[in-house]
Amino acid sequence: LTIKDVTKEIEITSYLEGVIKDPYGKTRAGITVEGEIKREDFGLTWNMVIEAGKVMVGSKIKINGHVEMIMQE
């Protein structure tokens, strides 16, 4: 993963949600991906203290995605 010119390897967990044959005869697979990074590791250090004395932006960022792939013929 590259953010602000900082590249690091991250762990992503993936789950196969299912495989189908679409109306056009193509095979499609749905996958969910999940991961988490510490934003400071990528140089994202901006923050602001709010009235309650806590910081506005947390350190951990969750990454979630849903991907659909079509099998190549």
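Residues numbered from 1 in each chain as written. Predicted model: local features only at pLDDT ≥ 70, side-chain atom pairs only at ≥ 80, totals over all residues. Heavy atoms only, no water.

Draft legend 1. How the structure looks around the overall build of the chain. Helix and strand counts for the chain stand at zero helices and five strands. Seen in sequence order, the chain has helices and strands lined up from the N terminus as β-β-β-β-β. Along the longest, intermediate and shortest principal axes, the C-alpha atoms of the chain span 55 × 30 × 20 Å. Burial analysis of the chain (73 residues in total) assigns 12% to the buried set. Of the contacts made within the chain by residues no fewer than 6 positions apart, 47% connect residues no fewer than 24 positions apart. Approximately 6,200 Å² of the chain is accessible, and the part contributed by carbon and sulfur atoms is 54%. Measuring between centres, the 10 positive side-chain charges of the chain sit 3 Å from its 12 negative side-chain charges. (Helix = DSSP H or I, 4+ residues; strand = E, 2+ residues; numbered from the N terminus. Buried < 20%, exposed > 50% of the residue type's maximum accessible area, 1.4 Å probe, protein only. Contact = heavy atoms within 4.5 Å. Areas by Shrake-Rupley, 256 points an atom, 1.4 Å probe, with all protein chains shown as cover. Lys, Arg positive; Asp, Glu negative; His and termini not counted. Charge placed at Lys NZ, Arg CZ, Asp CG, Glu CD.)

Draft legend 2. Geometry of the sheet that holds strand β3 (residues 12-21). Reading across the sheet, the three strands line up as β3-β4-β5 and stay open at both edges, with antiparallel pairing between neighbours. With partners counted over all chains shown, the strands left at the sheet margins are β3 and β5 (60-70), one partner each. Taking the axes of each pair of neighbouring strands and ignoring which way they run, one obtains an average angle of 15 degrees across the sheet. In this structure, β3 lies alongside strand β4 (residues 27-38), joined through nine bridges in antiparallel fashion. Bridge pairing in β4 places Tyr15 opposite Thr32. (Pairing = 2+ DSSP bridges. Axes fitted to C-alpha atoms, helices over the stretch in contact; angles between N-to-C directions.)

Draft legend 3. Local environment of unusual backbone geometry. Phi is positive for Lys4, which is not a glycine, with a value near 50 degrees. Relative to the assigned elements, Lys4 resides in the loop between β1 (2-3) and β2 (6-7). Phi angles above zero are rare outside glycine, and Asp5 is one such case at about 65 degrees. One can find Asp5 in the loop between β1 and β2.

Draft legend 4. Focus on a nonpolar patch on the surface. A grouping of Trp46, Met48, Ile50 and Met56 is seen on the molecular surface, where their side chains present a nonpolar patch of about 420 Å² in accessible area. Locating Met56 in the fold gives a position in the loop between β4 and β5. Under the relative-accessibility criterion, Met56 is labelled partly exposed at 46%. (Patch = residues over 30% accessible without salt bridge, like charges linked within 9 Å, V, L, I, M, F, W, Y side chains within 5 Å. Salt bridge = Lys/Arg side-chain N within 4 Å of Asp/Glu carboxyl O.)

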